[in-house]
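# Summary of the model geometry
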Amino acid sequence: MRIAIQGVKGAFHEVAAREYFANREIEIIEKISFDDVMQSVIGFESDFGIIAIENTISGTIHANLKLLKQYDVKICGEIFIRIQQNLAVLPGVNIENLTEVRSHYMAINQTRQFFKHYPKIRLVESESTAVSFRQISEEKLTTVGAIGSKLAAQMYNLEIISSGIETNKKNYTRFLIVEPSTGNGSNICNKSSLSIILQNHQGSLSQILSIISFYGVDLTKIESIPIIGQPLHYMFYIDIKYQDYQRYKEMLNAIRPLLKELTVLGEYRAGEESWNAVIM
């Protein structure tokens with residue numbers, strides 16, 4: 001099974017892939033960008049793609065919401081991963097040797113408090129956490145450290161000198177699993193992601209939300225994204241959970257005439273939200 005991820009092997013996207021597809025043999029397909037991940041999926045180079053969609057500290061990745069609408073894919077699953085950030089170096093290097101630490105900007109933002117104790121270390125953004133690990137390993141950089149996963153440290157033969165350096169220990173990322181729109185989807189679903197564009201009249205959003213509530217459907221997330229070329233007009237991305245699939249379908253039929261546009265981005269099984277730590 002081929003899984004496309006943004007970044008290189010050892011990135012948190014691979015951690016999510018291995019956890020979601022546990023006990024199944026997978027091949028990681030490395031891609032530079034999330035756009036490339038989508039291209040890989042629709043081009044059938046990969047069977048599935050995994051994209052981060054939101055983090056409890058950094059919030060929603062709006063660019064990835066747009067990609068879900070832009071490409072002919074559908075969401076078929078999700079997983080929540082606790083992100084534990086670790087400082088890794090070449091074996092034998094200690095923190096006093098470091099002049100620079102590299103990582104993805106989100107990892108840097110999540111660990112700034114730790115590095116306040118080391119003002120001589122310069123924090124440098126890179127394209128991904130695992131890329132920084134690979135650079136240190138391949139280039140034998142003795143004055144550079146990297147922030148990322150334990151899996152990446154193992155993969156690139158680096159030594160973790162400080163673990164769990166994220167400021168907020170309740171640091172979780174939600175990842176979506178996507179497949180081509182022609183895929184089989186989930187046999188058991190209790191969650192859906194939608195994008196909607198409202199009719200342009202007063203109270204239209206509250207009317208839609210009232211109907212969703214009437215049908216016993218739980219609204220778990222709503223995000224607004226400006227529509228390019230239409231000032232002060234928005235597309236809304238909505239996540240909903242339900243126990244009765246038929247009632248959910250009735251709800252869709254009830255709100256559809258009230259919308260300019262309704263797109264079902266995916267129907268899938270809700271991820272486990274017990275917030276168990278997965279820190280490979």
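What you see as residue numbers is a count from 1 along each chain, following the sequence as written. Note on the predicted model: pLDDT of at least 70 is required for a residue's local features to be given, and 80 or more for side-chain atom pairs to be given and counted; whole-chain, interface and lining totals, by contrast, use all residues. Water and hydrogen atoms were dropped before computing side-chain values, which therefore reflect all heavy atoms in the structure.

## Comments concerning helix α6 (residues 129-139)
Here α6 has its buried residues at Thr129, Ala130, Val131, Ser132, Phe133, Ile136 and Ser137. We call two residues in contact when some of their heavy atoms are within 4.5 Å. Only DSSP runs of H or I covering at least 4 residues are called helices, and only runs of E covering at least 2 are called strands; the numbering of each starts at the N terminus. Buried residues in α6 make contact with α1 (12-20), β6 (86-89), β7 (100-103), α4 (105-109), β9 (144-148) and α7 (150-155). By the criterion applied in these results, polar contacts are pairs of N or O atoms within 3.5 Å in which, for protein atoms, one can donate a hydrogen and the other can accept it, and in which residues neighboring in sequence qualify only through two side-chain atoms. The N-cap residue of α6 is Ser128: its side-chain oxygen and the backbone nitrogen of Val131 are 3.1 Å apart. Where α6 ends, the next residue or the one after it, Lys140, has phi of about 55°, a positive value. For each residue, the accessible area found with a 1.4 Å probe, counting protein chains only, is set against the maximum for its type, and the residue is called buried under 20%, exposed over 50%, and partly exposed in between.

## With respect to the sheet that holds β6
In this description, strands pair whenever DSSP reports at least two bridges between them. Spatial strand order, β8-β7-β9-β6-β10: 5 strands in an open sheet with mixed pairing. Here the strands that pair on one side only, and so sit at the sheet edges, are β8 (122-125) and β10 (159-162). Mean inter-strand twist for the sheet, computed between neighbouring axes without regard to direction, equals 35°. Where β7 meets β9, 3 bridges bridge the pair, whose relative direction is parallel. Paired with Val101 across the bridge in β9 is Gly145. With respect to the sheet, α6 is in contact with β6, β7 and β9, its orientation differing from that of β9 by roughly 150°. To get an axis, a line is fitted to the C-alpha atoms, and for a helix only the part in contact is used. The angle between two axes follows their N-to-C directions and goes from 0 to 180 degrees.

## Some thoughts on the environment of Ser162
Among the secondary structure elements, Ser162 is positioned in strand β10. For the pair formed by Ser162 and Gln85, sequence separation is 77 residues and the distance between their alpha carbons is 8.9 Å. What Ser162 contacts, discounting residues up to four positions off in sequence, is Asn86, Leu87 and Phe114.

## A closer look at the packing of helix α8 (residues 204-214) against helix α9 (residues 245-255)
With their axes 9 Å apart at the nearest point, α8 and α9 run at an angle of 160° to one another. One element, α8, and the other, α9, form an angle in the roughly antiparallel class. Of the two possible hands of crossing, α8 and α9 adopt the one that is right-handed. Here Ile208, Ile211, Ile212 and Phe214 of α8 come into contact with α9, specifically with Arg247, Met251, Ala254 and Ile255. A breakdown of the residues in the contact of α8 with α9 according to their chemical character gives 7 nonpolar, no polar and 1 charged. Angles below 35 degrees are treated as roughly parallel, those above 145 as roughly antiparallel, those between 65 and 115 as roughly perpendicular, and all remaining angles as oblique. Throughout, a crossing is termed right-handed when the near helix is turned clockwise from the far one, and left-handed when it is turned anticlockwise from it by less than a right angle. Each residue is assigned to one of three groups, with Ala, Val, Leu, Ile, Met, Phe, Trp, Tyr, Cys and Pro labelled nonpolar, Asp, Glu, Lys and Arg labelled charged, and all others, Gly among them, labelled polar.

## Quick notes on empty space enclosed by the protein
Where empty space is left becomes clear once a probe the size of a water molecule has been rolled over the atoms. Any residue with an atom within 4 Å of a point lines the site, the site being either a cavity, points on a 1 Å grid over the protein atoms alone where a 1.4 Å probe fits but cannot get out, or a pocket, an open set with protein on both sides within 12 Å along at least 5 of 7 lines. Grid points are joined across faces, edges and corners, and a volume is the space filled by probe spheres set on the points. Within this structure, the stated rule accounts for 1 cavity of 30 Å³ or more. As a volume, the largest cavity reaches approximately 80 Å³. Forming the walls of the largest cavity are Ile53, Leu65, Leu68, Ile75, Arg174, Leu176, Ser193, Lys221, Tyr237, Ile238, Asp239 and Leu265. Elements represented by at least two residues in the lining of the largest cavity include exactly α3 (62-70), β11 (172-180) and β14 (234-241).

## Notes on the packing of aromatic side chains
Two rings from Phe, Tyr or Trp (for Trp, the six-membered ring) form a pair when their centres are within 6.5 Å of each other. A pair whose planes differ by under 30 degrees is stacked, one over 60 is edge-to-face, and the rest are tilted. For the structure on display, the rule yields 8 aromatic pairs. Centre to centre, the rings of Tyr242 and Tyr248 are 4.2 Å apart; their planes meet at 5°, and the pair counts as stacked. The pair Tyr242 / Tyr248 is uniform in exposure class, with both members buried. The structure contains a cluster of three or more aromatic residues connected by ring pairs, namely Tyr20, Phe21 and Phe48.

## Topic: the nonpolar core
Counting 28 residues, the largest nonpolar core has Leu87, Leu98, Phe115 and Phe133 as the members making the most contacts within it. Contributions of two or more residues to this core are made by β6, α4, α5 (112-115), α6, β9 and α7. In terms of residue count, α6 provides more of this core than any other element does, 4 residues in total. Excluding residues within four positions of it along the chain, Leu87 makes contact with Ile95, Leu98, Val101, Phe114, Phe115, Gly145, Ala146, Glu159, Ile160, Ile161, Ser162 and Ile165. Definition used in this section: a nonpolar core is a set of buried Ala, Val, Leu, Ile, Met, Phe, Trp, Tyr and Cys residues joined via side-chain atoms within 4.5 Å. Of all hydrophobic cores here, the second largest spans 23 residues; its members include Tyr71, Val73, Val178 and Ile225.

## Details of the layout of surface pockets
Of the volumes computed, that of the largest pocket is approximately 380 Å³. If you trace the largest pocket, you find 24 residues lining it, with Gln6, His13, Ala52, His104 and Met106 closest to the centre. If you list the elements that add at least two residues to the lining of the largest pocket, you get α1, β3 (48-55), α3, α4 and β11. In terms of residue class, the lining of the largest pocket is built from 12 nonpolar, 11 polar and 1 charged.

## Digging into the side chain of Thr129
Inspection of the secondary structure puts Thr129 in helix α6. Accessibility expressed as a relative area gives 8% for Thr129, which makes it buried. When sequence neighbours within four positions are dropped, the list of residues in contact with Thr129 reads Ala11, Phe12, Ser103, His104, Ala107, Ile147 and Gly148.

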